[in-house]
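The residues making up each chain are set out below.
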Amino acid sequence: MMKKKIIWSLWAVSTTALLGYLSMGLFANEKKDLFLPGPVMHGHHQVEMQCSTCHTDPFGGGEVLQDACTSCHAKELKTALDSHPKTKFTDPRNADRLELIDARFCVACHLEHQPELMHPMGVSEPEDFCVHCHQDIGEERESHVGLEMTTCGNSGCHNFHDNKALYEEFLLDHKDEPDLLPTALLPTTDQIEVKIKTINDQSIPNQFELSDPDHKKWLASDHAQAGMQCQHCHGEVANWSSQPEIEVCADCHKDETDTFGLGMHGFPWKQGLGLAKVSDSFLPMHSDAVHKEVDCQSCHGSHDYDIQQAAVESCLGCHDDTHSNNFKASKHFQLFEAELNKEVQVGSGVTCATCHMPRMKIENEFGQEKLIVNHNQSDVLQPNEKMIRPVCMNCHGLGFSINALADEKLIKNNFQGAPSVHVESIDWAVARDK
Ligand code: HEC
Ligand code: HEC
Ligand code: HEC
Ligand code: HEC
Ligand code: HEC
Ligand code: HEC
Ligand code: HEC
Ligand code: HEC
Ligand code: HEC
Ligand code: HEC
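Within any chain, residue numbers begin from 1 and follow the written order of that chain's sequence. Here every chain gets a letter starting at A, and every ligand a number starting at 1, in the order they are written. Two thresholds apply to this predicted model, a pLDDT of at least 70 for residue-level local features and 80 or more for giving and counting side-chain atom pairs, whereas whole-chain, interface and lining totals are computed over all residues. To get the side-chain values, take all heavy atoms of the structure and skip hydrogens and water.

**Focus on the site of ligand 9**
Applicable threshold: Working definition: residue near molecule or strand if any one of its non-hydrogen atoms lies within 4 Å of it. Under this definition, polar contacts are N or O atom pairs within 3.5 Å; protein pairs additionally need one hydrogen-donor-capable and one acceptor-capable atom, and for neighbouring residues in sequence, both atoms have to be side-chain atoms. What counts as a helix is a DSSP run of H or I of at least four residues, what counts as a strand is a run of E of at least two, and both are numbered from the N terminus. Ten residues, namely Ala, Val, Leu, Ile, Met, Phe, Trp, Tyr, Cys and Pro, are considered nonpolar, four, namely Asp, Glu, Lys and Arg, are considered charged, and the remaining ones, Gly among them, are considered polar.
Around ligand 9 lies a shell of 22 residues, among which His323, Cys352, Cys355, His356 and Asn384 are the nearest. At a separation of 2.8 Å, a nitrogen atom of ligand 9 approaches a polar side-chain atom of His323. Residue Asn384 places a side-chain N or O atom 2.9 Å away from an oxygen atom belonging to ligand 9. Those elements that provide at least two residues to the shell around ligand 9 are α15 (313-318), α16 (322-326) and α18 (352-356). The biggest single contributor to the shell around ligand 9 is α18, with three residues. Across the shell around ligand 9, the residue classes tally to twelve nonpolar, nine polar and one charged.

**Some remarks on the coordination of the iron atom of ligand 5**
For the record, the criterion: Sodium, potassium and calcium take a 3.2 Å donor cutoff, other metals 2.8 Å, and in both cases only N, O and S atoms count; water is not among them, so sites may look incomplete. Just to be clear on the cut-offs, tetrahedral is four donors with all angles between 85 and 135 degrees, square planar is four donors and octahedral six with opposite donors over 155 degrees apart and all others between 65 and 115, and anything else goes down as irregular. The buried label applies to any residue whose accessible area, calculated with a 1.4 Å probe on protein chains only, is under 20% of its type's maximum; exposed applies above 50%, and partly exposed to all values in between.
Protein coordination at the iron atom of ligand 5 comes from His234 (NE2) and His303 (NE2), with a distance range of 1.9 to 2.0 Å. Relative to the metal, the six donor atoms surrounding the iron atom of ligand 5 lie at angles of 88 to 179 degrees, and the coordination shape comes out octahedral. With His234 in helix α9 (residues 230-234) and His303 in the loop between α13 (296-300) and α14 (307-311), this pair connects stretches of sequence that are 69 residues apart. Residues His234 and His303 agree in their burial class; the two are buried.

**Quick notes on the site of ligand 2**
Let me state the cut-off plainly: Annotation comment: domain bounds sourced from an automatic or database domain assignment.
In the neighbourhood of ligand 2, 17 residues make up the surrounding shell, with Gly43, His44, Cys69, Cys72 and His73 lying closest. Between ligand 2 and the protein, one listed contact pairs an oxygen atom with a backbone N or O atom of Gly43 at 2.9 Å. In the environment of ligand 2, an oxygen atom lies 3.4 Å from a nitrogen or oxygen atom belonging to the side chain of Gln382. The greatest single-element share of the shell around ligand 2, amounting to four residues, is contributed by helix α3 (residues 62-79). Mapping the shell around ligand 2 onto the domain boundaries places at least three of its residues in each of domain 1 (21-163) and domain 2 (253-412).

**Structural notes on the domain arrangement of the chain**
The condition is simple: Residue contacts are defined here by distance: any two heavy atoms, one from each residue, within 4.5 Å place the two residues in contact. Buried area is a sum: the accessible area each of two parts loses on coming together, probed at 1.4 Å, counted once for each and added. Salt bridges, as used here, are contacts in which a Lys or Arg side-chain nitrogen is within 4 Å of a carboxyl oxygen on Asp or Glu.
We note that the domain assignment places domain 1 (21-163) and domain 2 (253-412) within the chain. Taken together, the contacts link eleven residues of domain 1 with 13 residues of domain 2. Regarding the contact of domain 1 and domain 2, the summed buried area is about 1,400 Å², with carbon and sulfur atoms giving 66% of it. Our count for the domain 1 to domain 2 interface comes out at one salt bridge. Close ionic contact of Asp162 with Lys386 constitutes a salt bridge, the shortest N to O distance being 3.7 Å. Counting across the domain 1 and domain 2 interface gives two residue pairs in polar contact (both at pLDDT 80 or more). Residues belonging to the side of domain 1 that touches domain 2 are distributed by class as follows: two nonpolar, eight polar and one charged.

Given below as structure tokens:
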């Protein structure tokens with residue numbers, strides 16, 4: 001009995017010491033890498049060294065981590081109409097399904113620091129894990145008999161979370177659409193709502209004047225046209241700031257700034273870690289862009305605010321991968337050029353931003369919907385079926401869009417040519433409906 005007590009107190013002391021040691025790693029500013037058990041997933045690499053982003057309490061276990069995950073991801077999963085929300089698993093009828101994977105917790109499938117388990121999109125379960133809960137479908141549903149369990153989630157048929165464009169009913173509603181819709185146009189965003197303050201001091205000291213070409217760009221900009229003055233961004237002359245920061249733009253452009261802070265362009269800034277650096281990137285970038293960082297000016301320039309320039313040329317000033325570099329040979333880019341030359345209707349062209357920063361409906365704090373340019377360029381990236389409804393279906397039918405996005409060759413060559421892959425889900429849904 002006595003012996004047991006000693007062992008217990010020894011255990012308690014050593015555990016506290018170990019926890020203390022680890023928490024030092026989590027919260028001390030130096031030598032955090034010493035305590036890092038292994039790298040985090042790609043989407044989190046920008047905050048890897050900011051341990052407290054996830055370990056908000058060093059002594060906290062599952063629930064604490066869970067709260068961290070949901071504090072950043074709950075909204076996005078809700079708008080994705082998550083097919084497997086926690087409520088599905090707290091339902092007692094599904095209790096038996098939790099024996100192997102406790103799907104109430106995010107870390108059941110998204111462990112960190114274990115690169116040897118890591119699959120795309122930060123999934124740490126093996127590819128066939130759907131089998132644990134859905135083996136019956138593979139055995140009972142005629143169309144699914146004999147399919148490999150590895151194909152449920154990565155062949156353009158289903159996702160674990162976001163099935164907005166893949167539900168059986170949705171497939172049936174859009175079953176007979178042509179490859180290209182009769183009206184292939186992007187929607188226009190709602191009016192930007194901003195208030196412009198009056199400026200008391202109108203003079204600009206010589207040393208702050210813009211050079212001739214820059215002044216011309218400024219005069220042509222929507223800002224000058226809307227009656228803005230230099231001081232709206234630079235501050236009054238006595239406190240002139242020569243490099244206005246993101247917060248200045250945020251004052252008038254809340255929606256764009258809020259969404260910017262959610263994706264990999266703006267996430268480090270939002271987390272107080274400074275601007276995202278090209279030199280820290282895992283993606284291929286131009287060598288002469290290594291010194292660059294991402295803020296509003298990276299795409300909009302400091303005085304012209306030309307959104308066409310922002311939508312293609314600016315991106316190609318940093319990004320240098322095969323997919324990006326193939327874009328200018330695509331029909332989509334030809335359409336954009338035709339739009340700039342006023343040969344086709346406004347909204348006919350497709351740019352990098354059309355797909356990666358789609359014009360999407362958001363809900364403001366009063367629950368009203370409005371259409372804005374989504375500045376979170378990670379939002380519809382993965383799984384790429386997320387692009388189908390807000391982007392492709394403005395112009396293409398559902399079947400064509402599913403096939404095109406399941407075709408890796410088309411992604412590489414930036415959508416030059418017809419899809420060579422055929423995803424059978426619409427056919428199966430139609431057969432079952434009959
Ligand atoms: C993006 C979120 C995130 C960040 C950032 C993060 N961690 Fe973790 N960490 C996790 C998750 C998730 C687990 C897994 C918990 C589990 O196994 O249930 C974990 C587990 C751990 C563990 C337990 C090790 C194990 O193998 O069980 C340690 C120690 C740890 N982290 C240290 C750190 C340190 C030190 C840093 C900063 C240098 C850090 N973490 C940054 C999410 C994160
Ligand atoms: C401070 C905010 C924040 C916290 C906390 C956080 N994430 Fe993330 N997460 C992000 C951002 C930003 C991205 C990258 C952009 C994206 O993919 O939406 C991301 C990406 C992801 C991805 C896609 C990964 C990839 O490599 O493509 C998964 C999965 C994920 N997070 C799960 C989790 C889980 C599980 C937790 C809790 C352990 C967590 N996140 C905690 C902000 C956060
Ligand atoms: C039973 C496994 C499982 C659980 C539990 C789980 N996920 Fe996922 N998650 C996946 C899979 C698989 C993917 C890959 C894309 C897909 O199939 O939807 C994914 C992808 C993601 C992504 C990136 C793609 C996207 O749709 O945005 C995020 C972010 C994410 N999960 C966050 C979370 C969070 C937060 C939780 C907890 C509330 C969670 N996941 C719980 C399996 C799981
Ligand atoms: C831990 C158990 C579990 C795992 C693992 C799991 N599911 Fe499910 N899934 C459920 C439950 C529970 C339901 C709801 C009841 C039902 O339809 O069987 C469901 C429903 C679904 C639905 C119907 C969604 C809807 O809203 O109508 C789809 C599609 C689906 N799962 C796909 C998948 C795919 C793909 C995977 C693997 C990537 C997967 N599931 C992994 C438990 C699981
Ligand atoms: C919409 C906000 C905005 C307005 C209005 C604005 N500027 Fe700027 N300006 C900026 C930003 C942002 C930078 C910093 C650019 C950088 O960091 O590369 C800048 C930089 C400058 C610079 C530094 C050199 C340069 O060209 O990059 C000068 C000089 C300048 N502005 C003068 C002016 C004058 C004069 C006006 C009025 C005619 C004006 N600005 C109006 C945002 C603005
Ligand atoms: C004092 C308010 C105010 C500030 C500060 C401000 N803007 Fe604007 N912005 C406006 C107004 C007004 C418009 C024009 C709206 C319209 O035409 O409907 C506009 C339009 C824009 C446009 C769209 C241009 C187009 O061609 O459609 C962009 C891009 C933009 N602003 C970026 C920025 C950036 C980046 C900053 C920070 C450097 C900034 N703005 C600071 C008020 C502001
Ligand atoms: C990665 C490039 C990029 C960055 C960074 C960026 N923007 Fe944009 N922004 C664009 C593009 C491209 C468009 C036009 C998209 C379109 O026409 O569909 C745009 C459009 C806008 C508009 C006009 C919206 C409308 O409804 O017409 C405003 C305002 C704006 N951006 C403000 C900002 C602010 C503020 C920041 C910094 C927080 C910022 N942008 C950062 C690329 C960028
Ligand atoms: C100043 C340089 C710069 C410019 C300009 C720029 N980007 Fe990026 N982009 C980055 C960096 C840095 C990352 C983060 C990569 C990482 O951390 O691995 C990134 C990431 C991305 C990602 C991947 C996001 C993810 O979740 O994995 C996409 C997609 C992307 N950018 C598209 C664009 C588009 C479209 C434009 C133009 C409208 C653009 N970028 C303009 C630097 C830039
Ligand atoms: C018609 C839509 C479309 C257009 C136009 C488009 N992309 Fe993409 N982009 C995609 C899809 C789809 C993916 C792949 C997402 C996935 O499955 O991982 C992707 C992936 C990316 C990635 C991530 C690459 C990686 O390895 O993670 C970057 C960066 C990117 N695109 C930048 C750009 C730039 C820059 C342009 C313009 C020069 C552009 N894209 C034009 C649809 C598009
Ligand atoms: C603004 C409308 C618009 C949007 C949005 C759009 N496209 Fe297109 N796309 C077109 C037009 C128009 C063509 C040219 C059709 C033709 O000439 O036959 C085209 C051509 C294509 C082609 C080449 C077809 C061929 O035979 O050469 C593919 C593949 C494609 N689009 C896929 C996509 C995907 C995937 C998305 C969503 C990520 C998308 N598109 C978004 C309008 C659009």
